[in-house]
Amino acid sequence: MSIWFAKPKVEDLNQMLAKGQINISLGLQVTEVGDDFIRGTMPADKRTFQPFGVVHGGANVVLAETLGSIAGYYCVDINKFQVFGQEVSASHIRSVSSGLVTATVRPIHLGSRSQIWEIRLENDQGKLSCLSKLTTAVVPIRT
């Protein structure tokens with residue numbers, strides 16, 4: 001069963017990402033959309049590294065919040081509602097020093113006023129590198 005009000009297309013999501021400077025700077029890309037998830041990547045390279053040669057925790061959070069916000073947007077009628085991030089948390093489990101960080105966002109709760117998303121970030125070997133949670137507010141558009 002699909003969670004989407006309007007199922008997003010990978011091409012459209014990547015065009016959306018191309019409008020945000022931080023997304024361009026960090027090399028974020030959406031790679032897959034399923035019935036209940038969005039998956040995307042971020043390179044582990046000098047754009048995303050902290051001074052010690054591993055992906056910066058803040059870069060992980062940008063990837064997680066970006067994919068979670070996009071997912072939230074596509075779960076509501078955008079003619080009636082807006083979705084805003086309220087809280088994001090991240091537990092950094094293992095460092096990533098090369099390859100791609102792959103993130104998968106899935107809903108924990110899809111309510112009429114709030115959403116909670118789990119975003120799992122993994123390294124190229126499929127090992128969990130970061131576990132993030134995003135809470136969004138669903139707000140009626142004021143006319």
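The notes below deal with the structure included here. (Residues numbered from 1 in each chain as written. Predicted model: local features only at pLDDT ≥ 70, side-chain atom pairs only at ≥ 80, totals over all residues. Heavy atoms only, no water.)

**Looking at the side chain of T66**
Note the following rule: Strands here mean DSSP runs of E at least two residues long; helices mean DSSP runs of H or I at least four residues long; both are numbered from the N terminus. The contact rule is simple, with two residues in contact once any of their heavy atoms fall within 4.5 Å.
Counting through the fold element by element, T66 comes out in helix α3 (residues 57–73). Excluding anything up to four places from it in sequence, T66 contacts L17, N23 and L28.

**Looking at the packing of aromatic side chains**
To keep it simple, the criterion reads: Centres within 6.5 Å make a pair out of two Phe, Tyr or Trp rings, where for Trp the six-membered ring is used; the pair is then stacked when the planes are under 30 degrees apart, edge-to-face when over 60, and tilted otherwise. Burial here depends on accessible area, computed with a 1.4 Å probe over protein chains only, as a share of the maximum for the residue type. Under 20% is buried, over 50% is exposed, and the range in between is partly exposed.
Enumeration over the complete set of coordinates arrives at one aromatic pair. Judged by centre distance (5.1 Å) and plane angle (80°), the ring pair of Y73 and Y74 falls under edge-to-face. Classification of Y73 as partly exposed rests on a relative accessible area of 34%. Assessed through its relative accessible area of 14%, Y74 is described here as buried.

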